[in-house]
Amino acid sequence: MWTVAADLSISSLSIGTHATPRNQSPRGQQARDQGTGASGAKDGGSAGATDTVTLSDAARQQVQKLKQVDANVRQHEAAHQAAGGSHAGGASFTYTRGPDGKNYATAGEVPIDVSAESDPADTVAKMEQVKAAALAPADPSPQDMRVAAQADAAKLQAQAEQRRQGGDAAAGRAAAAYGAAQSLGYGQAGRGLTV
C-alpha cells in the first residue's frame, strides 16, 4: 500500500509531494510509532474521523515554513490595501495544502485602479497614491515594481497635460488682460501704464 509522504520541500513557494511505501518514512527514516504509517493510522486499519495526524519532524518544519509564508503573503497584501485606499480592491490568495491538511496562502494579489481621472491634477494625486500602494510592502515584487512604473508614467502624462492646460490658461489670461487694456485706451501710442 502507498501513502503520501509528509516530507515536502518549498521551491519558489510551490509545494511538491511524492509517494513512499506505507511502512517507510520519507528519506528512509522509521515512522515515530511502530506499526503506524505517515498518516498515523495503524497498519491494516482504517483512519477514523477522530484520529489525529502525527507529523514527522520534516513535516512539522514544512508546516512552520508554510505558516511563515502565509503570514508574509497576508502582510504584503494588507500593506497594498492600506496604502491604496479607495483605489485598491480586496485581496485574493492562492493556497497550498500543507501536510497537516490545512490551506496556507502562498501567493496573493490586490487589484488597483490605475485609470486616469478626468482632471489631470486628480490623476497626478491618484497616481502618487497608486505608486505608494505598489511600493508599500517591505519587499515589493516585480509586479509591484511594474505597477509603480506604470503609475509614474501616467503621472508624467498628467503633469504634461497640466502644463499644457496651464499654458493655454496663462495665454488666455494674457490675451484677456491685453484686450481689457486696449478697451480702456491704454494701448494707444503715447499713453503707458504706470505701476
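This structure is a prediction, so every number in the text was calculated from the model and none was measured.

**Q** Quick question: what am I supposed to make of the overall build of the chain here?
**A** What the chain contains, in helices and strands, is 3 helices and 6 strands. Beginning at the N terminus, the succession of helices and strands in the chain can be written as β-β-β-β-α-β-β-α-α. Out of the 195 residues belonging to the chain, those deemed buried represent 27%. Long-range contacts, defined here as pairs at least 24 residues apart, represent 45% of the contacts in the chain between residues at least 6 apart. About 12,400 Å² of surface is accessible on the chain, with carbon and sulfur atoms providing 52% of the total.

**Q** How should I be thinking about the packing of aromatic side chains in this particular structure?
**A** Two measures describe an aromatic ring pair: the distance that separates the ring centres and the angle between the ring planes. The tally for this structure, following the rule as stated, stands at 1 aromatic pair. In this structure, Arg74 packs its charged tip against the face of Phe93, placed 4.8 Å from the ring centre.

**Q** Hey, could you run me through the pattern of salt bridges in this one?
**A** Charged atoms that come close allow side chains of opposite charge to pair. Within the structure shown, the criterion is met by 7 salt bridges. Across the salt bridge formed by Arg74 and Asp70, the nearest N and O atoms sit 2.9 Å from each other. One end of the pair is Arg74 and the other is Asp70, both in helix H1 (residues 57-84) and 4 residues apart, which spans about a single turn. Residue classification places Arg74 among the partly exposed residues on the basis of a relative accessible area of 34%. Its salt-bridge partner being Lys126, residue Asp113 comes within 2.8 Å of it at the nearest N-O pair.

**Q** Can you help me understand the packing of H1 against helix H2 (residues 120-134) in this one?
**A** In a packed pair of helices, the relevant descriptors are the angle between the two axes and the axis-to-axis distance. The geometry of H1 relative to H2 is characterised by a closest axis approach of 8 Å and an angle of 165° between their N-to-C directions. As judged from the angle between their axes, H1 and H2 are roughly antiparallel. The hand of the H1/H2 crossing is right-handed. Every residue of H2 that contacts H1 at His80, Ala83 and Gly84 is listed here: Gln129, Ala132, Ala133 and Ala134. In terms of residue class, the contact of H1 with H2 is made up of 4 nonpolar, 3 polar and no charged.

**Q** What should I look at first to understand H1 in this one?
**A** Counting along an α-helix, one turn takes 3.6 residues, and residues three or four places apart therefore face a common direction. When the terminal C-alpha atoms of H1 are compared, their 41 Å separation across 28 residues agrees well with the 40 Å that a helix rising 1.5 Å per residue should span. By the burial criterion, the buried members of H1 are Ala59, Gln62, Val63, Leu66, Val69, Asp70, Val73, His76, Glu77, Ala79, His80 and Gly84. Backbone geometry just after H1 places Gly85 at a positive phi near 55°.

Rules behind the numbers
Residues numbered from 1 in each chain as written. Predicted model: local features only at pLDDT ≥ 70, side-chain atom pairs only at ≥ 80, totals over all residues. Heavy atoms only, no water. Helix = DSSP H or I, 4+ residues; strand = E, 2+ residues; numbered from the N terminus. Buried < 20%, exposed > 50% of the residue type's maximum accessible area, 1.4 Å probe, protein only. Contact = heavy atoms within 4.5 Å. Areas by Shrake-Rupley, 256 points an atom, 1.4 Å probe, with all protein chains shown as cover. Phe/Tyr/Trp six-rings, centres within 6.5 Å; stacked < 30°, edge-to-face > 60°. Lys NZ or Arg CZ within 6 Å of the ring centre and 35° of its normal. Salt bridge = Lys/Arg side-chain N within 4 Å of Asp/Glu carboxyl O. Axes fitted to C-alpha atoms, helices over the stretch in contact; angles between N-to-C directions. Parallel < 35°, antiparallel > 145°, perpendicular 65-115°, else oblique. Left-handed = near helix turned anticlockwise from the far one by under 90°. Nonpolar A, V, L, I, M, F, W, Y, C, P; charged D, E, K, R; others polar. Expected span 1.5 Å × (residues − 1).

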